[in-house]
Amino acid sequence: QVHLEESGGGLVQAGGSLRLSCAASERSFDNYVMGWFRQAPGKEREYVGCINYRGDMTWYDDSVKGRFTISRDNAKSTVYLQMNSLKPEDTAVYYCAADRLLWRVAGKIPGYWGKGTLVTVSS
């Protein structure tokens, strides 16, 4: 069982930046692909992006490409989501997720989820 805990959410003005963190309880953290997802009010949860085991490959949804960056520190069992040039439409609860298999994260069905952290972008 992998326990994930997000932090770093809050209120930011449009055009600003925010960095989210997700700490994992798993000591074999580098055995897991890590992903970020978000759910805006009244909408379905959507994929933001993910990062491979070693952290040398990342993938992003087109809506955040060029603005968001995912990174990980395997020594700290932590994955990050750096969000720049934030827009009001980025307002959502952001979730990190983990799975041993890349296709499950990219396919939006990872085995483990955090409880989420709220990001609010004001216009």
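Shown above is the structure to which this text applies.
Rules of the game
In this numbering scheme, every chain counts its residues from 1 along its sequence in written order. Owing to the predicted nature of the model, reporting of local features is limited to residues with pLDDT of at least 70; listing and counting of side-chain atom pairs is limited to 80 or more, with chain, interface and lining totals taken over all residues. Side-chain descriptors were evaluated using all non-hydrogen atoms of the structure, hydrogens and water having been removed beforehand. Put simply, DSSP marks the helices as runs of H or I at least four residues long and the strands as runs of E at least two long, and each gets a number from the N terminus on. Each radius of gyration reported is based on C-alpha atoms, and the globular scaling rule is 2.2 Å times the count of residues to the power 0.38. When accessible area is computed with a 1.4 Å probe and restricted to protein chains, residues below 20% of their type maximum are described as buried, those above 50% as exposed, and intermediate ones as partly exposed. Note on contacts: a residue pair is in contact if any heavy atoms of the two residues lie within 4.5 Å. Surface accessibility follows the Shrake-Rupley procedure with a 1.4 Å probe radius. Residue values consider only the protein chains on display as shielding. We call two N or O atoms a polar contact when they sit within 3.5 Å, provided that within protein one can donate a hydrogen and the other can accept it, with sequence-adjacent residues counted only if both atoms are side-chain atoms. Pairing between two strands is assigned when DSSP locates at least 2 bridges connecting them.

Enquirer: What is the right way to look at the overall build of the protein chain in this model?
Expert: In terms of helices and strands, the protein chain carries one helix and 11 strands. When its helices and strands are written in sequence order, the protein chain yields β-β-β-β-β-β-β-β-β-α-β-β. For 123 residues, the compact-globule formula gives about 14 Å, and the C-alpha radius of gyration of the protein chain, at 13 Å, lands near that figure. By principal-axis analysis of the C-alpha atoms, the protein chain measures approximately 40 × 25 × 25 Å. Classification of the 123 residues of the protein chain by burial places 44% in the buried group. The contacts in the protein chain between residues at least 6 apart in sequence include a share of 56% that link residues at least 24 apart. Accessible surface computed for the protein chain: about 6,500 Å², of which carbon and sulfur atoms make up 47%.

Enquirer: Would you take a moment to explain the environment of Asp-62 for this structure?
Expert: With respect to the helices, strands and loops of the structure, Asp-62 is situated in the loop between β6 (58-60) and β7 (68-73). Through-space distance from the C-alpha of Asp-62 to that of Ser-28 is 30 Å; in sequence the pair is 34 residues apart. Of the polar contacts made by the side chain of Asp-62, one reaches the side chain of Lys-65; its length is 3.0 Å.

Enquirer: Before we go on, may I ask you to explain the side chain of Thr-91 in this structure?
Expert: As for its position among the elements, Thr-91 is in the loop between β8 (78-83) and β9 (92-99). By relative accessible area, Thr-91 is classed as buried at 19%. Reaching out from Thr-91, the side chain makes a polar contact with the backbone nitrogen of Val-121 at a distance of 2.9 Å. Setting aside its immediate chain neighbours within four residues, Thr-91 contacts Ala-40, Pro-41, Val-119, Thr-120 and Val-121.

Enquirer: What am I meant to see in the pairing of strand β5 (residues 46-51) here?
Expert: One face of the sheet, then the other: side chains in a regular strand alternate in exactly this way. Burial of β5 is extensive: five of the six residues sit out of reach of the surface. From the end of strand β4 (residues 33-39) to the start of β5, which pair antiparallel, there are six residues, and Gly-42 there has a positive phi angle of about 75°. As defined by bridge partners, β5 adjoins β6 across three bridges and the pair is classed as antiparallel. The residue bridging Ile-51 from the neighbouring strand is Thr-58, located in β6. Between β5 and the antiparallel strand that follows it, β6, lie six residues; Gly-55 among them carries a positive phi value of about 85°.

Enquirer: Quick question: what am I supposed to make of unusual backbone geometry here?
Expert: Phi is mostly negative for residues that are not glycine, and the peptide bonds are mostly trans. The phi angle at Ser-85 is positive, at roughly 50°, despite the residue not being glycine. Look at Lys-108: it is not a glycine, yet its phi comes out positive at around 65°. Tracing the backbone through its elements, the reader meets Lys-108 in the loop between α1 (102-106) and β10 (112-113).

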